[in-house]
Amino acid sequence: MSFDTPPAAGCRDAPILKQRGQHEVFCGLTGIIWLHRKMQDAFFLVVGSRTCAHLLQSAAGVMIFAEPRFGTVILEETDLAGLADAQDELEREVARLLTRRPDIRQLFLVGSCPSEVIKLDLARAAERLTLTHSPHVRVLNYSGSGIETTFTQGEDACLASMVPTLPETDARQLMLVGALPDVVEDQALELLAQMGIEAVCVLPTRRRDDPLSVGPNTVFALTQPFLGDTLTALERRGARHLPAPFPFGEQGTTAWLRAVADEFGVDDATFERVTAAPRTRAARAVTQAAETLAGKSVFFFPDSQLEIPLARFLTRECGMTAIEVGAPFIHKSIVGPDLELLETGPQLAEGQDVDCQLDRCRAARPDLTVCGLGLANPLEAEGLATKWAIELVFTPVHFYEQAGDLAGLFSRPLRRRAALRLEAAE
Ligand code: SF4
């Protein structure tokens, strides 16, 4: 099917099953794992409990041995008793940290469930600490708590906290919003440059001093679908959102680039010249990786908010059928263009009531279930093939050159199953 022919009936107005109940998701602290790699002079200081420190340790895996730029100040019982002392202690800890690590230029105080429950005012702490440590270090604050945030929303909260501090500009420019791996970001910038779109900045920047500003002539395109608060914060600064399908797969990338190209008046011939070769490469890579996927069904548990664009990719480019597409939140102003391209049929679900959803999944017996680590092995034991959703956030998957790898992430569990079955039969 060609991208130029949207389905006769897309999912933009399809009914959404709203679920409330037991959740099986990460909290927003996990965003620190990829954000600290992206922002090379930032440090993320979680103000939380031992539980939060354990979460970061287990989610970061071997990364914790590489002197990472994140850590946890543990709230002790004495802190819980006297809040004033907790503020003083936090200031002492920060001073100690900054003396030891002069390479740090931005410090994020990251709120957690415990710091929120005891109403520790981290926003004020950040203000006070900025006064103490500026101009060398800027201190910001956001919440990554499980009460307020789900998984990738941690990145949203972090980026949104930076927007009010950005310098003002009147320049006509494009801002790419979302933390992409450096190699993917470079590919995107190169494609835009080849089309003559050079005034481009990226939020977040790799280093604090890299150019980044915002204003009424800034147009921004999201590269990740979970950035609702950042979108609102940018609009508050006068910038304008450019709605587009997300750059997953050959078709998604082309549609995303098309939206940007149209906004900046790039002519068709230039667009064609720049995109033709990488499009062909991407389409070929997807076809190869998708051999195992064609005709198979997929069921998404809610996890990262990437579910709707990925369902669009898997159904349109890999020949899969979506049974249910669950997402923690569905912002139609953000995923609307992807919903339009997703053929009606799958059940859309927002939020989670995990037991009911497991019942639906077992009844449907999908060929592939996309879910978190907590559900993956139990479902495998029940004979269902699963794909861990977290990998989709850690692995380079956007734009043309990664389109084949993206399809490969979904086909691998099915290939592995087939290989194991063969081995067992031998
Ligand atoms: S922030 Fe809340 S949900 Fe996340 S690890 Fe800490 S206590 Fe658990």
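Bear in mind the structure is a predicted one, so any value in this text is a computation, not a measurement.

1. A word on the overall build of the chain
At step 1: Each helix and strand in the chain was counted, giving 17 helices and 14 strands.
At step 2: If one aligns the C-alpha atoms of the chain with their principal axes, the spans along those axes are about 60 × 55 × 40 Å.
At step 3: Counted over contacts in the chain with a minimum sequence separation of 6, partners at least 24 positions apart contribute 76%.
At step 4: On the chain, roughly 17900 Å² of surface is accessible, and the fraction owed to carbon and sulfur atoms is 53%.
At step 5: Between the centroid of the 41 positive side chains of the chain and the centroid of its 57 negative side chains there is a distance of 2 Å.

2. Description of the domain arrangement of the chain
At step 1: Taken as a whole, the chain is organised into domain 1 (16–22 + 282–423), domain 2 (28–149) and domain 3 (173–270).
At step 2: Each of domain 2 and domain 3 was reduced to a C-alpha centroid, and the two centroids are 29 Å apart.
At step 3: Counting residues at the interface gives twelve residues for domain 2, matched by eleven residues for domain 3.
At step 4: Surface buried jointly by domain 2 and domain 3 totals about 980 Å² across both partners, of which 44% is contributed by carbon and sulfur atoms.
At step 5: When residues of domain 2 are sorted by the area they lose upon contact with domain 3, Lys-38, Gln-40 and Arg-105 head the list and together hold 57% of the total.
At step 6: On the surface where domain 2 and domain 3 come into contact, there are four salt bridges.
At step 7: Two residues, Arg-207 and Asp-41, come together in a salt bridge whose shortest N-O distance is 4.0 Å.
At step 8: Across the contact surface, domain 2 and domain 3 share ten residue pairs in polar contact (both at pLDDT 80 or more).
At step 9: When residues of the side of domain 2 that touches domain 3 are assigned to their parent elements, the largest contribution, three residues, is made by helix α1 (residues 31–38).
At step 10: Class assignment of the residues belonging to the side of domain 2 that touches domain 3 gives a composition of five nonpolar, three polar and four charged.

3. Thoughts on the site of the ligand
At step 1: Near the ligand, the surroundings consist of Cys-27, Leu-29, Cys-52, Leu-55, Ser-112, Cys-113, Pro-114, Ser-145 and Gly-146.
At step 2: The set of elements that each furnish at least two residues to the shell around the ligand consists of α2 (50–60) and α5 (113–117).
At step 3: Of the residues that constitute the shell around the ligand, the class distribution is six nonpolar, three polar and no charged.

4. Some details on the sheet that holds strand β13 (residues 368–371)
At step 1: Strand order in this open sheet of six strands is β1-β12-β11-β10-β13-β14, and the pairing throughout is parallel. Looking at which strands have only one partner, the edges of the open sheet turn out to be β1 (16–20) and β14 (386–388). If you compare each strand with its neighbour and ignore which way they point, the axes differ by 20° on average.
At step 2: Strands in contact with helix α12 (residues 307–317) are β10 (297–300) and β11 (321–327); relative to β11, the strand with the most contacts, it is inclined by about 170°.

5. Section: the sheet that holds strand β2 (residues 42–48)
At step 1: The sheet built from four strands is open, its strands ordered β3-β2-β4-β5 with parallel pairing. The open sheet terminates on both sides in strands that have one partner only, identified here as β3 (70–74) and β5 (138–143). With strand direction ignored, the average angle separating the axes of adjacent strands in the sheet is 25°.
At step 2: For strand β4 (residues 106–111) and β5, the ladder comprises six bridges, and the chain directions are parallel. Residue Leu-109 lies in a different strand from β5, and its bridge partner there is Asn-141.
At step 3: Its contacts with the sheet put helix α6 (residues 122–133) on β2, β4 and β5, and the angle it makes with β5 is roughly 170°.

6. Overview of the environment of Gly-238
At step 1: Of note, Gly-238 is situated in the loop between α9 (228–236) and β9 (240–241).
At step 2: Take Gly-238: its relative accessible area is 36%, and that puts it in the partly exposed class.
At step 3: Counting along the chain gives 21 residues from Gly-238 to Asn-217, while the straight-line C-alpha distance between them is 7.7 Å.

7. Brief notes about the nonpolar core
At step 1: Counting 106 residues, the largest nonpolar core has Phe-44, Phe-108 and Met-175 as its most contacted members.
At step 2: With sequence-adjacent residues up to four places away left out, Met-175 is seen in contact with Leu-166, Cys-201, Leu-203, Leu-212, Ser-213, Val-214, Thr-218, Val-219, Phe-220, Ala-221 and Leu-234.
At step 3: Counting 21 residues, the second-largest nonpolar core is a separate cluster that includes Val-94, Leu-120, Leu-122 and Ala-126.

8. Topic: the pattern of salt bridges
At step 1: Within this structure, the stated rule accounts for 26 salt bridges.
At step 2: Residue Arg-206 is joined to Asp-182 by a salt bridge in which the shortest nitrogen-to-oxygen separation is 3.4 Å. Taken together, the positions of Arg-206 in the loop between β7 (200–203) and β8 (218–222) and Asp-182 in helix α8 (residues 182–194) put the pair 24 residues apart, joining distant regions of the chain.
At step 3: Exposure remark for Arg-206: the relative accessible area of 22% places this residue in the partly exposed category.
At step 4: A salt bridge links Arg-206 to Glu-185, with the shortest nitrogen-to-oxygen separation between them at 3.1 Å. Within this pair, whereas Arg-206 is found in the loop between β7 and β8, its partner Glu-185 is found in helix α8, the two being separated by 21 residues in sequence.
At step 5: Counted as one network, the salt bridges with shared partners bring together Lys-38, Asp-182, Glu-185, Asp-186 and Arg-206.

9. With respect to the packing of helix α7 (residues 153–162) against α9
At step 1: Running from N to C, α7 and α9 cross one another at 15°; their axes reach a closest spacing of 7 Å. When the axes of α7 and α9 are compared, the pair comes out roughly parallel. The way α7 lies across α9 gives a crossing that is left-handed. Contacts between α7 and α9 involve Asp-156, Leu-159 and Ala-160 from the former and Gly-228, Asp-229, Thr-230 and Ala-233 from the latter.

Criteria and thresholds
Residues numbered from 1 in each chain as written. Predicted model: local features only at pLDDT ≥ 70, side-chain atom pairs only at ≥ 80, totals over all residues. Heavy atoms only, no water. Helix = DSSP H or I, 4+ residues; strand = E, 2+ residues; numbered from the N terminus. Contact = heavy atoms within 4.5 Å. Areas by Shrake-Rupley, 256 points an atom, 1.4 Å probe, with all protein chains shown as cover. Lys, Arg positive; Asp, Glu negative; His and termini not counted. Charge placed at Lys NZ, Arg CZ, Asp CG, Glu CD. Domains from an automatic or database assignment. Buried area = accessible area lost by both parts, 1.4 Å probe. Salt bridge = Lys/Arg side-chain N within 4 Å of Asp/Glu carboxyl O. Polar contact = N/O pair within 3.5 Å; in protein donor to acceptor, adjacent residues only side chain to side chain. Nonpolar A, V, L, I, M, F, W, Y, C, P; charged D, E, K, R; others polar. Near = heavy atom within 4 Å. Pairing = 2+ DSSP bridges. Axes fitted to C-alpha atoms, helices over the stretch in contact; angles between N-to-C directions. Buried < 20%, exposed > 50% of the residue type's maximum accessible area, 1.4 Å probe, protein only. Core = buried A, V, L, I, M, F, W, Y, C linked by side-chain atoms within 4.5 Å. Parallel < 35°, antiparallel > 145°, perpendicular 65-115°, else oblique. Left-handed = near helix turned anticlockwise from the far one by under 90°.

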